[in-house]
Amino acid sequence: SQWQLTSVMISILLSLNTVISEKSNLNFILIDDPIQTLDDLKELALVNLLRYQFPNKQIILSTHEQEFSSFVRYKFWRLYWDKSHKNISMKERFLSDI
């Protein structure tokens, strides 16, 4: 199914990031809308994986789901309340320019 394919691809990409970053000082992870085919339980698993396995990485996560964005910020804030985070709404940004 589609969620299984998405899960495998995210796993492979995060594993590659771990291996490559050790050799190249790559300190960030970019993920574009990973939740399109994931249910709530898998979304939680992904957020927890990012929180605990990549604590020293800057994570840039794009999504069109406002609820998921809020959930991610809440989960990371609880763990890393002393570190900064930023939510950028492209919709608000572009509509304000019009």
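(A) The arrangement of helix α2 (residues 40-53) in detail. In this model α2 runs 20 Å from its N-terminal to its C-terminal C-alpha over 14 residues, within 8% of the 20 Å that 1.5 Å per residue would give. Of all the residues in α2, the buried ones are Glu43, Leu46, Val47, Leu50 and Arg51. Here the buried residues of α2 occupy an arc of 130° about the axis, which is enough to place them on one side. Turned more than 90 degrees away from the buried face of α2 sit Leu41 and Gln53, all of them exposed. For α2, the side-chain oxygen to backbone nitrogen distance between the N-cap and Leu41 is 3.3 Å, and the N-cap itself is Asp39.

(B) Spatial organisation of the pattern of salt bridges. Tallied over the entire structure, the rule returns 1 salt bridge. Where Lys42 meets Asp39, a salt bridge forms, and the shortest distance between an N and an O atom there is 3.1 Å. Relative accessible area serves as the criterion here: at 22%, Lys42 is assigned to the partly exposed category. Judged by relative accessible area, which is 36%, Asp39 ranks as partly exposed.

Procedures and definitions
- Residues numbered from 1 in each chain as written.
- Predicted model: local features only at pLDDT ≥ 70, side-chain atom pairs only at ≥ 80, totals over all residues.
- Heavy atoms only, no water.
- Helix = DSSP H or I, 4+ residues; strand = E, 2+ residues; numbered from the N terminus.
- Expected span 1.5 Å × (residues − 1).
- Buried < 20%, exposed > 50% of the residue type's maximum accessible area, 1.4 Å probe, protein only.
- Arc of directions from axis to C-beta.
- Polar contact = N/O pair within 3.5 Å; in protein donor to acceptor, adjacent residues only side chain to side chain.
- Salt bridge = Lys/Arg side-chain N within 4 Å of Asp/Glu carboxyl O.

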